[in-house]
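Below, each chain spelled out in residue letters.
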Amino acid sequence: MTQKEINQAVAILRAGGLVAIPTETVYGLGADASNEAAVKRIFQAKERPYSHPLIVHIANPAQLTDWAREISPSAWKLANAFWPGPLTLILKKQPHVLDVVTGGQDTVGVRIPAHPIAQAVLTAFGGGVAAPSANKFTHVSPTTAAAVQEELNDKVDLILDGGDCTVGLESTILDMTGATPVILRPGMITAQAISDVLGMPVAESFTESNNLRVPGMHHVHYAPSTPTVLVDTSQLSTYLQSLPPTAFPLALITHSQMEHPSSQSIHRVQLSNQASRYAHDLYHTLRSLDHAEWKSIVVESVPETEEWKAIRDRLNKASQNRRGILKD
Ligand code: TXA
Ligand code: MG
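Residues numbered from 1 in each chain as written. Chains lettered and ligands numbered in written order. Predicted model: local features only at pLDDT ≥ 70, side-chain atom pairs only at ≥ 80, totals over all residues. Heavy atoms only, no water.

Student: What should I look at first to understand the site of ligand 1 in this one?
Tutor: The local shell around ligand 1 holds 22 residues, among which Thr25, Arg48, His57, Ser171 and Arg185 are the closest. Within the side chain of His57, a nitrogen or oxygen atom sits 2.7 Å from an oxygen atom of ligand 1. About the coverage of ligand 1: the protein hides 87% of its 680 Å² of free accessible area. Those elements that provide at least two residues to the shell around ligand 1 are strand 3 (55-57), strand 6 (107-111) and strand 10 (182-185). (Near = heavy atom within 4 Å. Polar contact = N/O pair within 3.5 Å; in protein donor to acceptor, adjacent residues only side chain to side chain. Areas by Shrake-Rupley, 256 points an atom, 1.4 Å probe, with all protein chains shown as cover. Helix = DSSP H or I, 4+ residues; strand = E, 2+ residues; numbered from the N terminus.)

Encoded structure:
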């Protein structure tokens, strides 16, 4: 990345344009957070409802008070411990923060990303950059510049190519406005890691999964667009054997070294059994499988442990909680 491209990005942001910026989590679709018309362009490009607020990205902790107020010592502790990094803090907003950024709420989400290109752009820009993930609403977040191109194409003025995102899943979102910190979206910074820094328990406010059991494979307009089904490791072989011929060819994402009925009509993608590596590869894998004509994407369920929680959350969403469960 040249200084020229960074300067170009900053000029576009100042002029109210949109720049796709690599972060360590996923690529963001950035606009000047203080420019209402520019922020509105984000929603149009993503086809995202205005009710979903945006995260404001800043370059350094000294800028936090420009956007947020009533920042508790605990919030500062977390900022020091995890920034720059994949943690978004929800705090009371400063009065000037635009309703279009906060969804009309009295709070704002703020994050300092770690990617050197994001850092360079934010530092040179000097203000806050509102940036959701750089994908169409409900699609899989992009973790490469090519994926941004595929999602937003001519809707973005510049795409900065920062290579693969190292984390690969969106940031942990933590509400710091109440007495107890509450995780609103799990990420690779876990509740345990946060609670270790604060020395107090952290609550969670998202549903892990429901018990919806839908073995059928309906096409739904969600990402990936190929029907995606989660199957427990112990049931995977039986599940695959139980499918009718019309269910093939299909793609199978695994992480354990299990054997499965090998067949030309099952395209197996083996991901890491380490959570951080798996997270790094997941969105890219789903996106590339979605390009092929698989009848479905069958995903081996991941461990029920803390370090896999964010991955479980995204897999539940990608599969819309469809679980290939044979019997109760
Ligand atoms: O890793 C990330 O967080 C990436 C990169 C680009 O930073 N961004 C991202 O943005 O995932 P987005 O817009 O796709 O997801 C942001 C989430 C939304 O679900 C939104 O509802 C929530 O953050 N959010 C933003 N501001 C909020 C607020 N004031 N209160 C509660 N939730 C908020
Ligand atoms: Mg998103």
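Student: Honestly, the confidence of the model for the protein in this entry has me stumped. Any pointers?
Tutor: Note: predicted coordinates in regions of low pLDDT should not be interpreted at a detailed level. With 93% of its residues at a pLDDT of at least 70, the protein reaches an overall mean of 92. Note on residues 210-222: pLDDT under 50 across the span, and 28 contacts to partners over four residues away in sequence or across chains. (pLDDT = per-residue confidence, 0-100. Contact = heavy atoms within 4.5 Å.)

Student: Help me understand the nonpolar core, please; the structure alone is not making it clear to me.
Tutor: Soluble globular proteins tend to pack their nonpolar side chains together in the buried interior. Among the nonpolar cores identified, the biggest contains 49 residues, and Leu78, Leu87, Leu174 and Ile194 are the most heavily contacted of them. Top contributing element to this core by residue count: helix 2 (residues 36-46), with 5 residues. Every residue in contact with Leu174, bar those within four places of it in the chain, is listed here: Leu78, Leu87, Thr88, Leu89, Ile90, Pro181, Val182, Ile183, Ile194 and Val202. Formed by 23 residues, the second largest nonpolar core is a distinct cluster that contains Leu230, Ala275, Tyr283 and Leu289. (Core = buried A, V, L, I, M, F, W, Y, C linked by side-chain atoms within 4.5 Å. Buried < 20%, exposed > 50% of the residue type's maximum accessible area, 1.4 Å probe, protein only.)

Student: When you look at the packing of aromatic side chains in this model, what are you seeing that I'm missing?
Tutor: The geometry of an aromatic ring pair is captured by the separation of the ring centres together with the interplanar angle, meaning the angle of the planes. What the rule picks out here adds up to 2 aromatic pairs. A ring pair is formed by Tyr278 and Trp308, whose centres lie 5.1 Å apart and whose planes are at 70 degrees; its orientation type is edge-to-face. Residue Tyr278 is found in helix 10 (residues 275-291), and its partner Trp308 is found in the loop between strand 15 (297-300) and helix 11 (309-318); the two are separated by 30 residues along the sequence. The exposure class assigned to Tyr278 is buried, which follows from its relative accessible area of 0%. Here Trp308 falls in the buried class, since its relative accessible area comes to 3%. (Phe/Tyr/Trp six-rings, centres within 6.5 Å; stacked < 30°, edge-to-face > 60°.)

Student: Any chance you could explain unusual backbone geometry here in plain terms?
Tutor: A negative phi angle characterises most non-glycine residues, just as the trans form characterises most peptide bonds. Of the consecutive residues Trp83 and Pro84, the connecting peptide bond is found in the cis state with omega at -5 degrees. Looking at the secondary structure, you find Pro84 in the loop between helix 4 (73-82) and strand 5 (87-93). Of the consecutive residues Phe248 and Pro249, the connecting peptide bond is found in the cis state with omega at 0 degrees. Assignment of secondary structure puts Pro249 in the loop between helix 9 (236-242) and strand 13 (250-254). Residue Glu70 is not a glycine yet carries a positive backbone phi of 50 degrees. Tracing the chain through its elements places Glu70 in the loop between strand 4 (68-69) and helix 4. Glu70 gets classed as exposed once you look at its relative accessible area, which sits at 57%. With a phi close to 40 degrees, Asn153 is a non-glycine residue in the positive phi region.

Student: Sorry if this is basic, but what is going on with the side chain of Thr88 here?
Tutor: By the secondary structure assignment, Thr88 is in strand 5. Each residue touching Thr88, except ones within four places of it in the same chain, is listed here: Ile55, Gly109, Val110, Arg111, Ser171, Thr172, Ile173 and Leu174.

Student: Hey, could you run me through the packing of helix 4 against helix 8 (residues 191-198) in this one?
Tutor: The description of two helices packed together rests on the angle between their axes and the distance between the axes. Interhelical geometry of helix 4 versus helix 8 gives an angle of 120 degrees and a closest axis separation of 10 Å. The crossing of helix 4 and helix 8 is right-handed. In this structure, helix 4 uses Ser74, Lys77, Leu78, Ala81 and Phe82 to contact helix 8, whose residues at the interface are Ala193, Ile194, Val197 and Leu198. Classifying every residue of the contact of helix 4 with helix 8 by side-chain character gives 7 nonpolar, 1 polar and 1 charged. (Axes fitted to C-alpha atoms, helices over the stretch in contact; angles between N-to-C directions. Left-handed = near helix turned anticlockwise from the far one by under 90°. Nonpolar A, V, L, I, M, F, W, Y, C, P; charged D, E, K, R; others polar.)

Student: What exactly am I supposed to notice about the pattern of salt bridges here?
Tutor: Any two side chains of opposite charge can pair, given that their charged atoms come close. Under the criterion given, the structure shown has 16 salt bridges. Asp157 is the partner of Arg41 in a salt bridge, and the nearest nitrogen-oxygen pair spans 3.2 Å. On the criterion of sequence distance, the pair formed by Arg41 in helix 2 and Asp157 in the loop between helix 7 (145-152) and strand 8 (158-159) is long-range, its members being 116 residues apart. For Arg41, a relative accessible area of 30% gives the class partly exposed. The closest approach of N and O atoms between Arg323 and Asp232, which form a salt bridge, is 2.8 Å. Here Arg323 is found in the segment after helix 11, whereas its partner Asp232 is found in the loop between strand 12 (228-231) and helix 9, with 91 residues between them in sequence. A relative accessible area of 15% places Arg323 in the buried class. (Salt bridge = Lys/Arg side-chain N within 4 Å of Asp/Glu carboxyl O.)

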